[in-house]
Amino acid sequence: MTDQGTSSYTLQTTLKGITPAQLTGFFVGWPNPPSPETLYRLLAGSYRFVLAVQGEQVIGFVQAISDGVLTAFVPLLEVLPEHQGQGIGRALVEQLLAELADFYAVDLACDDELVPFYEGLGLRRANLMFRRRYDRQNGRPATPQRLPVQQQGVAPVPAQPLQEPALPGAELGQFLRRGPAV
């Protein structure tokens with residue numbers, strides 16, 4: 001893909017052929033940024049992601065986490081500083097939103113100065129509540145591994161078959177379109 005004639009790159013939705021060494025230079029200005037290895041783990045654990053790759057370097061990425069059913073959240077969009085302002089971020093988000101098109105809700109949080117960028121992509125402003133642990137800004141350690149629930153001394157909950165909602169068809173359709181009354 002060529003974007004506005006300024007840089008040639010391809011969009012990629014897998015980590016095939018990507019190593020942590022190709023994920024450097026991101027998180028500019030972060031006091032405690034994730035390492036390239038942590039970024040690789042972050043992408044590998046994402047529901048979806050899109051990479052902008054130029055030659056052997058990843059020059060941008062966007063990531064989504066999701067329940068895989070109803071909602072997704074876009075926590076990170078990064079483009080290397082020397083490639084910003086060339087439409088790469090827009091292309092990344094457009095591709096990700098296309099991949100998440102079947103979801104009821106796709107949410108993200110951004111700084112005030114980025115609101116016009118995201119509004120230009122069809123997103124709307126909303127409120128956000130958050131908690132930050134800046135001592136963990138570089139990522140949760142890869143080890144120790146968390147023990148399965150059974151090994152933590154908690155009895156597993158037996159699997160139950162899914163129950164259909166008790167709402168009749170017409171009422172269910174209205175519920176899904178409006179959401180629950182609060």
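Residues numbered from 1 in each chain as written. Predicted model: local features only at pLDDT ≥ 70, side-chain atom pairs only at ≥ 80, totals over all residues. Heavy atoms only, no water.

J.: Can you break down the pairing of strand β5 (residues 57–66) residue by residue, with the values?
T.: The buried count for β5 comes to 7 of 10 residues, which makes it a mostly enclosed element. Relative to β5, strand β4 (residues 48–54) runs antiparallel, the two sharing 7 bridges. For Ala52, the partnering residue across the bridge sits in β5 and is Gly60. Linking β4 to β5, which pair antiparallel, is a turn of 2 residues; within it Gly55 sits at a positive phi near 60°. Here β5 runs beside strand β6 (residues 71–79); their pairing, made up of 6 bridges, is antiparallel. (Buried < 20%, exposed > 50% of the residue type's maximum accessible area, 1.4 Å probe, protein only. Helix = DSSP H or I, 4+ residues; strand = E, 2+ residues; numbered from the N terminus. Pairing = 2+ DSSP bridges.)

J.: I'd love a proper account of the packing of aromatic side chains, names of residues and values included.
T.: A complete count under the given rule lists 5 aromatic pairs for this structure. Geometrically, the ring pair formed by Phe26 and Phe61 is edge-to-face, given 5.1 Å between the ring centres and 80° between the ring planes. With Phe26 in the loop between β3 (10–12) and α1 (36–44) and Phe61 in strand β5, this pair connects stretches of sequence that are 35 residues apart. Phe61 gets classed as buried once you look at its relative accessible area, which sits at 0%. Aromatic ring contacts, followed pair by pair, group Phe26, Phe27, Trp30 and Phe61 into a single cluster. (Phe/Tyr/Trp six-rings, centres within 6.5 Å; stacked < 30°, edge-to-face > 60°.)

J.: Talk me through a nonpolar patch on the surface; I want residue IDs and the actual numbers.
T.: Side chains of Val69, Leu70 and Tyr104 sit close together on the surface and give an oily, nonpolar patch of about 350 Å² of accessible area. Here Val69 shows up in the loop between β5 and β6. Residue Val69 is classed as exposed on the basis of its relative accessible area, which comes to 66%. (Patch = residues over 30% accessible without salt bridge, like charges linked within 9 Å, V, L, I, M, F, W, Y side chains within 5 Å. Areas by Shrake-Rupley, 256 points an atom, 1.4 Å probe, with all protein chains shown as cover. Salt bridge = Lys/Arg side-chain N within 4 Å of Asp/Glu carboxyl O.)

J.: Describe the sheet that holds β3, listing the residues and the values that go with them.
T.: Pairing is mixed across the open sheet formed by 5 strands, whose spatial order is β3-β4-β5-β6-β7. Every other strand in the sheet has two partners, leaving β3 and β7 (105–108) as the edge strands with one partner each. Neighbour-to-neighbour, the strand axes of the sheet open up by a mean angle of 25°, direction not taken into account. Alignment of β3 against β4, held across 3 bridges, turns out to be antiparallel. (Axes fitted to C-alpha atoms, helices over the stretch in contact; angles between N-to-C directions.)

J.: Now, about the environment of Val62: what can you tell me, with residues and values included?
T.: Relative to the assigned elements, Val62 resides in strand β5. Expressed as a C-alpha distance, the spacing of Val62 and Ala91, which sit 29 residues apart in the sequence, is 9.9 Å. Apart from the residues within four sequence positions on either side, Val62 is in contact with Arg48, Phe49, Val50, Val74, Leu76, Leu77, Leu92, Val93 and Leu96. (Contact = heavy atoms within 4.5 Å.)

J.: So, the nonpolar core: which residues are in play, and what are the values?
T.: Among the nonpolar cores identified, the biggest contains 33 residues, and Leu43, Leu51 and Phe61 are the most heavily contacted of them. Mapped by element, the contributors of at least two residues to this core are α1, β4, β5, β6 and α2 (88–99). Setting aside its immediate chain neighbours within four residues, Leu51 contacts Thr10, Leu11, Gln12, Thr14, Leu15, Ile18, Leu43, Val58, Gly60, Phe61 and Leu92. (Core = buried A, V, L, I, M, F, W, Y, C linked by side-chain atoms within 4.5 Å.)

Read these as geometric descriptors, not functional statements.
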